[in-house]
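The lines below spell out each chain.
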Amino acid sequence: MRHLLIVDDDPDIVNLIAIYLQNEGYEVSKAYNGEEALALLNEVNIDLIVLDVMMPKLDGIEVTRRVREKQDLPILMVSAKAEDMDKIMGLMTGADDYMIKPFNPLELVARVKSLLRRSYTFKTSAAPIEEKKEDEIQCGSILIHKARHQVTVEGEVIPLTAKEFDILHLMATNAGRVYSAEDLFEYVWKETYFSSNNTVMVHISNLRDKLERKLGYKIIHTIWGVGYKFEA
């Protein structure tokens, strides 16, 4: 059974989300501020977090930063802040999805299911002793392990979110091919793309920061008016 953590300083919202998720068969833990959430993560094996942004003690942005230092579990951020920059900040910090309050609980359940389907949580005990060659893509000093959902640069593991990994794996598998933002969004998020959606741009920016800072040169190139391509 998947174990989910709901974090919000409003008990009514926590209980509402919990009811809908429990009705879908998920086990649920609850926290009402960022400090409680981090404490629970140290005690319980959590598969996904539904995380409010505006909370006392530690807000959702800081919780996400600290989680990303140690874990790669999916994070669905929820917030009353609807501005594009708030969404961008949440995604750049490491959230995998972002919903605006008030939200339809059924849509939240659907997004939770979608994130879990694409979950990159990897249990090392289930890993094969030997990796098959086709599970690895070597691009210069970049090594992409498909089975592990892991990327290394010069032997150093580079922490990526699920969607960052999926974007990189797709582009590296087809190096030199140009992908539009629409192509990448519909492949990775499996949802219809809208022209005002800047989610892909944010994730491409994150990938560049994480990989190119270590490499010292560009690997993801912008083809103006068309999209992006990978060339190591």
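Residues numbered from 1 in each chain as written. Predicted model: local features only at pLDDT ≥ 70, side-chain atom pairs only at ≥ 80, totals over all residues. Heavy atoms only, no water.

1. Re the sheet that holds strand β4 (residues 75-79)
In step 1: The sheet built from five strands is open, its strands ordered β2-β1-β3-β4-β5 with parallel pairing. Of all the strands in the sheet, the pair left with one neighbour each is β2 (27-31) and β5 (97-100). This sheet shows a mean twist of 20° between the axes of neighbouring strands, independent of strand direction.
In step 2: The pairing of strand β3 (residues 48-52) with β4 spans four bridges and is classified as parallel. Bridging from a neighbouring strand, Ile49 pairs with Ile75 of β4.
In step 3: Docked against the sheet, helix α1 (residues 11-23) engages β1 (3-7), β2 and β3, running at close to 170° with respect to β2. (Pairing = 2+ DSSP bridges. Helix = DSSP H or I, 4+ residues; strand = E, 2+ residues; numbered from the N terminus. Axes fitted to C-alpha atoms, helices over the stretch in contact; angles between N-to-C directions. Contact = heavy atoms within 4.5 Å.)

2. Describing the side chain of Asn206
In step 1: Looking at where Asn206 falls in the secondary structure, it is placed in helix α8 (residues 199-215).
In step 2: With residues near it in sequence (within four places) discarded, Asn206 still touches Leu91, Met92 and Glu164.

3. Notes on the packing of aromatic side chains
In step 1: Tallied over the entire structure, the rule returns one aromatic pair.
In step 2: Judged by centre distance (5.0 Å) and plane angle (10°), the ring pair of Phe185 and Trp189 falls under stacked. Grouping residues by exposure puts Phe185 and Trp189 together as buried. (Phe/Tyr/Trp six-rings, centres within 6.5 Å; stacked < 30°, edge-to-face > 60°. Buried < 20%, exposed > 50% of the residue type's maximum accessible area, 1.4 Å probe, protein only.)

4. Focus: the pattern of salt bridges
In step 1: Under the criterion given, the structure shown has 11 salt bridges.
In step 2: Across the salt bridge formed by Asp96 and Arg68, the nearest N and O atoms sit 3.0 Å from each other. Of this pair, Asp96 sits in the loop between α4 (84-93) and β5 while Arg68 sits in helix α3 (residues 60-70), and the two are 28 residues apart along the sequence. Here the two residues Asp96 and Arg68 agree in accessibility, since each one is buried.
In step 3: Residues Lys210 and Glu164 are paired through a salt bridge, measuring 2.7 Å at the closest nitrogen-oxygen approach. You can see Lys210 sitting in helix α8 and its partner Glu164 sitting in helix α6 (residues 162-173), a full 46 residues away along the chain.
In step 4: With a relative accessible area of 28%, Lys210 lands in the partly exposed category.
In step 5: Residues participating in the shared-partner salt-bridge network are Asp8, Asp52 and Lys101. (Salt bridge = Lys/Arg side-chain N within 4 Å of Asp/Glu carboxyl O.)

5. A word on the nonpolar core
In step 1: If you look at the biggest cluster of nonpolar residues, it comprises 29 residues, and the most contacted ones within it are Ile142, Met171, Leu184, Leu211 and Phe230.
In step 2: When contributions to this core are tallied by element, the ones reaching two or more residues are β6 (136-139), β7 (142-145), β8 (150-153), α6, α7 (181-188), α8 and β12 (227-230).
In step 3: Among the elements that make up this core, the one with the highest residue count is α6 (six residues).
In step 4: In terms of nonpolar packing, the next biggest core, distinct from the first, is built from 21 residues, Ile46, Ile49, Met77 and Tyr98 among them. (Core = buried A, V, L, I, M, F, W, Y, C linked by side-chain atoms within 4.5 Å.)

6. What to know about a nonpolar patch on the surface
In step 1: There is a patch of nonpolar side chains on the surface, built from Leu16, Ile19, Tyr20 and Leu106 and spanning about 360 Å² of accessible area.
In step 2: Among the elements that line the nonpolar patch, the one with the most residues is α1, at three residues.
In step 3: Along the chain, the position of Leu16 falls in helix α1.
In step 4: Residue Leu16 is classed as partly exposed on the basis of its relative accessible area, which comes to 38%. (Patch = residues over 30% accessible without salt bridge, like charges linked within 9 Å, V, L, I, M, F, W, Y side chains within 5 Å. Areas by Shrake-Rupley, 256 points an atom, 1.4 Å probe, with all protein chains shown as cover.)

7. Quick look at the packing of α7 against α8
In step 1: At their nearest, the axes of α7 and α8 sit 9 Å apart, and the two run at 90° to each other. In terms of orientation, α7 and α8 fall into the roughly perpendicular class. Of the residues in α8, those in contact with Ala181, Leu184 and Phe185 of α7 are Thr199, Val200 and Ile204.
In step 2: Its residues assigned to classes, the contact of α7 with α8 shows five nonpolar, one polar and no charged. (Parallel < 35°, antiparallel > 145°, perpendicular 65-115°, else oblique. Nonpolar A, V, L, I, M, F, W, Y, C, P; charged D, E, K, R; others polar.)

8. Considering the domain arrangement of the protein chain
In step 1: Looking at the assigned domains, one finds that the protein chain contains domain 1 (3-121) and domain 2 (136-230).
In step 2: A C-alpha centroid distance of 24 Å is found between domain 1 and domain 2.
In step 3: Contacts between the two partners involve 11 residues from domain 1, matched on the other side by 13 residues from domain 2.
In step 4: Surface buried jointly by domain 1 and domain 2 totals about 1,200 Å² across both partners, of which 52% is contributed by carbon and sulfur atoms.
In step 5: Inspection of the region where domain 1 meets domain 2 yields zero salt bridges.
In step 6: At the junction of domain 1 and domain 2, the tally comes to one residue pair in polar contact (both at pLDDT 80 or more).
In step 7: The element best represented in the side of domain 1 that touches domain 2 is α4, accounting for four residues. (Domains from an automatic or database assignment. Buried area = accessible area lost by both parts, 1.4 Å probe. Polar contact = N/O pair within 3.5 Å; in protein donor to acceptor, adjacent residues only side chain to side chain.)

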